[in-house]
Amino acid sequence: MEIQTAGQQKYYDFISERAKSLRLGMIIWISLLAAALLAIFAGGVLGYILAMLGAALGVLNIRSQRMLKGRLDGIDKEDFFNQLTETDTVEIPDYRLMVTRDYVLLNRGEIFIFPLKKMSKTEVGIRQQGSGRQKILFLTDGAGNRHEIAVCNHVEQERVFDLAYHALHDRMHCN
């Protein structure tokens, strides 16, 4: 896809880590298939093993690429990209989180886009972790499914966690 707007650039910058990972995965499975082809012509069983491994990685990689491209399906892309560049968009790099007027973008290795109109509330939960506790920020959708957005493990992270909570909470009450 050709980048034409600042919003598109911002989105692709946001997902660039995941996109690079998928490109590297593609290079690896193609290389495995090429090595398998050479090994098969050399007459070894190793070639068939490499071919199966390369094919399995290829299927997983292609599926992941389709999932990443499909994240934008079902949303108004023009409006979405415009919202990414608005001044009221909140970016929280510590959680790899962006909160726009109508969407929440989360990068947790996998990319998630949550339309706020499909969410019913924000919640904070507490989870015991060894001798300490974790605060967890959730978005809950209309079906009651909780989506983990941020986790606070240390007192030093509380300020950033509170910023994420208030950004989500305020947007939920504006919509």
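Everything numeric here is computed off the predicted structure, so don't read it as measured data.

Colleague: For the sheet that holds strand β6 (residues 132-141), give the residues involved together with the corresponding values.
Modeller: Taken in spatial order, the 3 strands of this open sheet run β5-β6-β7, and their pairing is antiparallel. The open sheet is flanked by β5 (119-129) and β7 (146-152), the only strands paired with a single partner. Within the sheet, the average angular offset between the axes of one strand and its neighbour, ignoring direction, is 25 degrees. Bridge count for β5 against β6 is 10 bridges, and the pairing is antiparallel. Looking at the pairing, Gly125 lines up with Ile136 of β6. Seen against the sheet, helix α4 (residues 158-174) touches β5, β6 and β7 and runs at an angle of roughly 20 degrees to β6.

Colleague: Mind laying out the confidence of the model for the chain, listing which residues take part and the relevant values?
Modeller: Residue-level pLDDT values for the chain average 90, and 98% of them are 70 or greater. Confidence scores differ between elements of the chain, with β5 showing the lowest mean pLDDT of 87 and strand β2 (residues 97-99) the highest of 96.

Colleague: Outline the side chain of Thr140, supporting the account with residue identities and numerical values.
Modeller: Considering the arrangement of structural elements, one finds Thr140 in strand β6. Of note is the side chain of Thr140, whose polar atom sits 2.4 Å from the side chain of Glu123. Leave out the neighbours within four places in its chain, and Thr140 touches Met119, Ser120, Lys121, Glu123, Asn145 and Arg146.

Colleague: Any chance you could break down the nonpolar core for me, citing the residues and the numbers?
Modeller: A general tendency of soluble globular proteins is for nonpolar side chains to be buried together. Counting residues in each nonpolar core, the largest one holds 21 residues, and the members touching the most others are Tyr95, Leu97, Val104, Leu139 and Ile149. Mapped onto this core, the elements with two or more residues apiece are β1 (90-92), β2, β3 (103-107), β6, β7 and α4. Examining the composition of this core, we find that 6 residues originate from one element, α4, more than from any other. Look past the residues within four positions of Tyr95 in its chain and what remains in contact with it is Leu106, Asn107, Ala150, Val151, Cys152, Gln157, Val160, Phe161 and Ala164. Core analysis: the second largest hydrophobic core is formed by 15 residues, Phe14, Ile15, Leu84 and Ile113 among them.

Colleague: Provide a residue-level description of a nonpolar patch on the surface, including the pertinent values.
Modeller: There is a patch of nonpolar side chains on the surface, built from Leu24, Ile27, Ile28, Leu53, Leu57 and Leu60 and spanning about 530 Å² of accessible area. Among the secondary structure elements, those contributing two or more residues to the nonpolar patch are α1 (6-41) and α2 (46-70). Residue position: Ile27 is located in helix α1.

Colleague: Report on the packing of α1 against helix α3 (residues 77-84), specifying residues and quantitative values.
Modeller: Closest axis-to-axis distance for the α1/α3 pair is 7 Å, and the angle between their directions is 80 degrees. On the basis of their axis angle, the class for α1 and α3 is roughly perpendicular. Residues Gly7, Gln8, Lys10 and Tyr11 of α1 form the contact with α3, whose participating residues are Phe80, Phe81 and Leu84. Across the contact of α1 with α3, the residue classes break down as 4 nonpolar, 2 polar and 1 charged.

Colleague: Can you explain the pattern of salt bridges? Please cite residues and give values.
Modeller: Summed over the entire model, instances satisfying the criterion amount to 12 salt bridges. Where Arg18 meets Glu110, a salt bridge forms, and the shortest distance between an N and an O atom there is 3.2 Å. Of this pair, Arg18 sits in helix α1 while Glu110 is found in the loop between β3 and β4 (111-115), placing the two residues 92 residues apart along the sequence. Salt bridges here are not isolated pairs; linked through shared partners, they connect Arg18, Arg71 and Glu110.

Colleague: Could you give an account of the packing of aromatic side chains, with specific residues and numbers?
Modeller: In the structure shown here, the tally under the stated rule is 6 aromatic pairs. By the ring-pair criterion, three or more aromatic residues cluster together here, those being Tyr11, Tyr12, Phe80, Phe81 and Tyr103. A cation sits over an aromatic face here: Arg146 above Phe138, 3.8 Å from the ring centre.

Scoring rules and cut-offs
Residues numbered from 1 in each chain as written. Predicted model: local features only at pLDDT ≥ 70, side-chain atom pairs only at ≥ 80, totals over all residues. Heavy atoms only, no water. Pairing = 2+ DSSP bridges. Helix = DSSP H or I, 4+ residues; strand = E, 2+ residues; numbered from the N terminus. Axes fitted to C-alpha atoms, helices over the stretch in contact; angles between N-to-C directions. Contact = heavy atoms within 4.5 Å. pLDDT = per-residue confidence, 0-100. Polar contact = N/O pair within 3.5 Å; in protein donor to acceptor, adjacent residues only side chain to side chain. Core = buried A, V, L, I, M, F, W, Y, C linked by side-chain atoms within 4.5 Å. Buried < 20%, exposed > 50% of the residue type's maximum accessible area, 1.4 Å probe, protein only. Patch = residues over 30% accessible without salt bridge, like charges linked within 9 Å, V, L, I, M, F, W, Y side chains within 5 Å. Areas by Shrake-Rupley, 256 points an atom, 1.4 Å probe, with all protein chains shown as cover. Salt bridge = Lys/Arg side-chain N within 4 Å of Asp/Glu carboxyl O. Parallel < 35°, antiparallel > 145°, perpendicular 65-115°, else oblique. Nonpolar A, V, L, I, M, F, W, Y, C, P; charged D, E, K, R; others polar. Phe/Tyr/Trp six-rings, centres within 6.5 Å; stacked < 30°, edge-to-face > 60°. Lys NZ or Arg CZ within 6 Å of the ring centre and 35° of its normal.

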